[in-house]
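# Structure at a glance
Read off the chains here:
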Amino acid sequence: MAKILTSQTIETQLREELKLSPEMSIIAHVHMPSLGPVQGDAEAVARAILSCVDTLVMPAFTFQTQVVPQVGPPNNAIVYGSGDEQNARAEIFRPDLPVHPDCGLVAEVLRRSPGTLRSTHPILSFVARGPHAREVLASQTRQNPLGPIAWLEAHDGAVLLMGVDQRDNFALHLAEQRAGRKAFIRWALTVDDIEELPNIPGCMEGFNAIWAELMDITMVTQIGSARCELIPLKPMLAYAEQRIREDPNFLLCDKPSCLSCRARQVY
């Protein structure tokens, strides 16, 4: 039987083995099932991470707000007119809308916690807790959904991966953007309207191509059953941008059915 983790055990490993510190601001991606049994569940994991850092940021994305129009701009990695069922299920974005399940239980627990703030992007909102939460979230706009990643980078932040691989490392999209890779337009339901949202990044299925290449700057440990990594944002983003400039197809997936990667592929 797997040993049951406690919040204190997780905190100790984060501090001693991944070198998280109270001066550090991070973006975290956590897959609870990969950790194994945790006393206190997702609340304990959130508490452990918060106890180690200055400001914690997590994705609070709401893909459930998206709608598919009948027509739109070309080469946009979307099949227009195909979203009748999705549109019928779409939810209106509101500040207390639960995060999409893809973001994980810890992100939802953090969203519900007293003192947590949330940005207002109708698809790609973030939650943050800590002294710089308001500042980091204010860096996001409708035109610049990746603003919080750039803020963390500028403040010597890092990305924490717990039980996930590079396919959940959302920060790599900023390297794509800086290298000039195409982004997309998407639409979401808001209280007042259907809002058009630019600069939405694409597929992440090819991101594991960079995994081994980042090992020199990555701290690695095992917490419970999960592989956990801490990667500083500045060198990670600089390296990823350089690699994409050298190979415009780097980090794209190889699935013929992926409209996003096919729309961005350079032949």
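Anything mentioned here points back to the structure above.
Below, the structure is looked at part by part. Please read all numbers here as calculations on a predicted model, not as lab measurements.

## Observations concerning unusual backbone geometry
The residue Asn75 is not glycine, and still its phi comes out positive at about 50°. Inspection of the secondary structure puts Asn75 in the loop between strand E3 (66–67) and helix H4 (84–89). Residues other than glycine seldom take positive phi values, yet Leu251 does so here, at roughly 80°. Here Leu251 lies in the loop between helix H9 (233–246) and helix H10 (259–264).

## Observations concerning the packing of aromatic side chains
One pass over the full model with this rule turns up 5 aromatic pairs. Plain terms: the ring middles of Phe61 and Phe170 are 4.8 Å apart, the flat faces sit at 55° to each other, and that makes the pair tilted. You can see Phe61 sitting in the loop between strand E2 (55–59) and E3 and its partner Phe170 sitting in the loop between strand E6 (158–162) and helix H8 (172–178), a full 109 residues away along the chain. On the basis of relative accessibility, which here comes to 6%, the residue Phe61 falls in the buried class. Take Phe170: its relative accessible area is 5%, and that puts it in the buried class. When the ring of Phe126 is compared with that of Phe170, the centres are 6.0 Å apart and the planes differ by 65°; the resulting orientation is edge-to-face. Highlighted residues: Phe126 in strand E5 (residues 126–129) and Phe170 in the loop between E6 and H8, separated in sequence by 44 residues. Under the relative-accessibility criterion, Phe126 is labelled buried at 0%. In textbook terms, an aromatic cluster arises when at least three aromatic residues are bridged by ring pairs, as seen for Phe61, Phe63, Phe126 and Phe170. Just above the ring of Phe250 sits the side chain of Arg243; from NZ or CZ to the centre is 3.9 Å.

Cut-offs used in this document
- Residues numbered from 1 in each chain as written.
- Predicted model: local features only at pLDDT ≥ 70, side-chain atom pairs only at ≥ 80, totals over all residues.
- Heavy atoms only, no water.
- Helix = DSSP H or I, 4+ residues; strand = E, 2+ residues; numbered from the N terminus.
- Phe/Tyr/Trp six-rings, centres within 6.5 Å; stacked < 30°, edge-to-face > 60°.
- Buried < 20%, exposed > 50% of the residue type's maximum accessible area, 1.4 Å probe, protein only.
- Lys NZ or Arg CZ within 6 Å of the ring centre and 35° of its normal.

These figures capture arrangement, not role.
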